[in-house]
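# Structure at a glance
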Amino acid sequence: MRDRINYQNEKYSTKYFQLNNDLDLSNEPEWYPIGKSENTTFAGQFNGNSKIIRGLKLSNSSDIIHSGLFGCVNNGKILNLGVISNTINANKKYVGGIVVFFQNGSIENCFHEGNLGGTYVVGGLVGLAYKTTITNSHSIGEINCNSTDFIHAGGIVGLVMESTIKGCYTKG
C-alpha cells in the first residue's frame, strides 16, 4: 500500500484497511511515511482495530519532507490506532506521531506515546491539521521544535487550521 501511494500515486479513496495484529517495528529500518508528500496522499480509511504499532523509527532520508506513520492524508479517516515510538528527533520540518499533514478528514480513538522533535511543525498526533476533526484521542510524550523561525508545536496538533479537537488530552 505505502509504495503504491508514494510511487504510483494511488489514493485508495474508496478503500478500507484494517490492522488485524499488533506490529513490532523495533527491528525494522527507518520508516518511510504512507503518503510522502502533498502530491502522494492517502485518502482511504485505516482502522487500527484497537491494535498497537510499536518501535516506529521515522526516517531522516533526504527524499522525504514529512516524518510520521502517515505523511499526508487528504479526505481520509484514521481510527482505533495506537502508535508507540522510540524517541524521535527527526531533522524534518514536519513531524507527527501518527499523521504529519491531515486535510479534510478525521482521526478518532487514536493515541501516540513517545517523544518527538522536528524543526518547524511538530504534533504528538498530527503535525498540521486543516479542516480535520480529532476526537477521543491522546498523546503522551515530550514535543520539541528546534527552529529560529516560527515554531508550531503541540501535544495533540502542532498547527491547527479550521479544525475541531474534542475529547482529547496530552501529557508530557
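Provided above is the structure to which this section pertains.
### Notes on the nonpolar core
Counting residues in hydrophobic clusters, the biggest one holds 35 residues, and the most contacted among them are F42, F70, I78, L81, I98 and V126. Those elements that place two or more of their residues in this core are β3 (45-56), β5 (70-74), β6 (77-85), β9 (99-103), β14 (126-130) and β17 (143-145). Non-local contacts of F42, meaning those with residues more than four positions away in its chain, are made with M1, I5, K11, Y12, F17, I34, F70, C72, V73, N74 and I78. Among the nonpolar cores identified, the runner-up in size contains 5 residues, and C72, F101, V121 and L128 belong to it.

### Overview of the pattern of salt bridges
Under the criterion given, the structure shown has 2 salt bridges. A salt bridge links K77 to E108; its shortest N-O distance comes to 3.7 Å. Linking K77 in strand β6 with E108 in strand β10 (residues 106-108), this pair joins segments that are 31 residues apart in sequence. In this structure, E162 and K131 form a salt bridge, with 3.9 Å as the shortest nitrogen-oxygen distance. With E162 in the loop between β19 (157-161) and β20 (164-166) and K131 in the loop between β14 and β15 (133-135), the pair connects residues that are 31 residues apart, well separated along the chain. On the basis of relative accessible area, E162 is assigned to the exposed category, the value being 59%.

### Describing unusual backbone geometry
You will see that N49, though not glycine, has its phi angle at about 55°, which is positive. In this fold, N49 is placed in strand β3. A positive phi angle, close to 65°, is found at N75, a residue other than glycine. Note that N75 resides in the loop between β5 and β6.

### What about the sheet that holds strand β4 (residues 66-67)?
A sheet is described by the order of its strands in space; here 4 strands give the open sequence β4-β8-β13-β18, paired in parallel fashion. The open sheet has two edge strands, β4 and β18 (152-154), and neither has a second partner. Two elements, strand β13 (residues 121-123) and β18, share 3 bridges in a ladder whose sense is parallel. In the sheet register, V122 faces β18, and the bridge partner there is A153.

### Brief notes about the pairing of β9
With 5 of 5 residues buried, β9 lies mostly within the body of the structure. Sheet analysis places β9 next to β14, joined by 4 bridges and oriented parallel. The residue bridging F101 from the neighbouring strand is L128, located in β14.

### Structural notes on the packing of aromatic side chains
Evaluation of the coordinates by the stated rule reveals 5 aromatic pairs. Ring geometry for F46 against F70: centres 5.5 Å apart, planes inclined by 70°, an arrangement best described as edge-to-face. Taken together, the positions of F46 in strand β3 and F70 in strand β5 put the pair 24 residues apart, joining distant regions of the chain. This pair shows no difference in class: F46 is buried, exactly as F70 is. Ring geometry for Y94 versus Y120: centroids 5.9 Å apart, planes at 80°, classification edge-to-face. You can see Y94 sitting in strand β8 (residues 94-96) and its partner Y120 sitting in the loop between β12 (116-118) and β13, a full 26 residues away along the chain. We classify Y94 as partly exposed; its relative accessible area is 24%. Put simply, the rings of Y12, F17, F42, F46 and F70 pair up and form one aromatic cluster. Across from the ring centre of Y120, 5.7 Å away, lies the NZ or CZ of K93, which sits over that ring.

Each value, and the rule that gives it
- Residues numbered from 1 in each chain as written.
- Predicted model: local features only at pLDDT ≥ 70, side-chain atom pairs only at ≥ 80, totals over all residues.
- Heavy atoms only, no water.
- Core = buried A, V, L, I, M, F, W, Y, C linked by side-chain atoms within 4.5 Å.
- Buried < 20%, exposed > 50% of the residue type's maximum accessible area, 1.4 Å probe, protein only.
- Helix = DSSP H or I, 4+ residues; strand = E, 2+ residues; numbered from the N terminus.
- Contact = heavy atoms within 4.5 Å.
- Salt bridge = Lys/Arg side-chain N within 4 Å of Asp/Glu carboxyl O.
- Pairing = 2+ DSSP bridges.
- Phe/Tyr/Trp six-rings, centres within 6.5 Å; stacked < 30°, edge-to-face > 60°.
- Lys NZ or Arg CZ within 6 Å of the ring centre and 35° of its normal.

Purely spatial values, then, with no claim about function.
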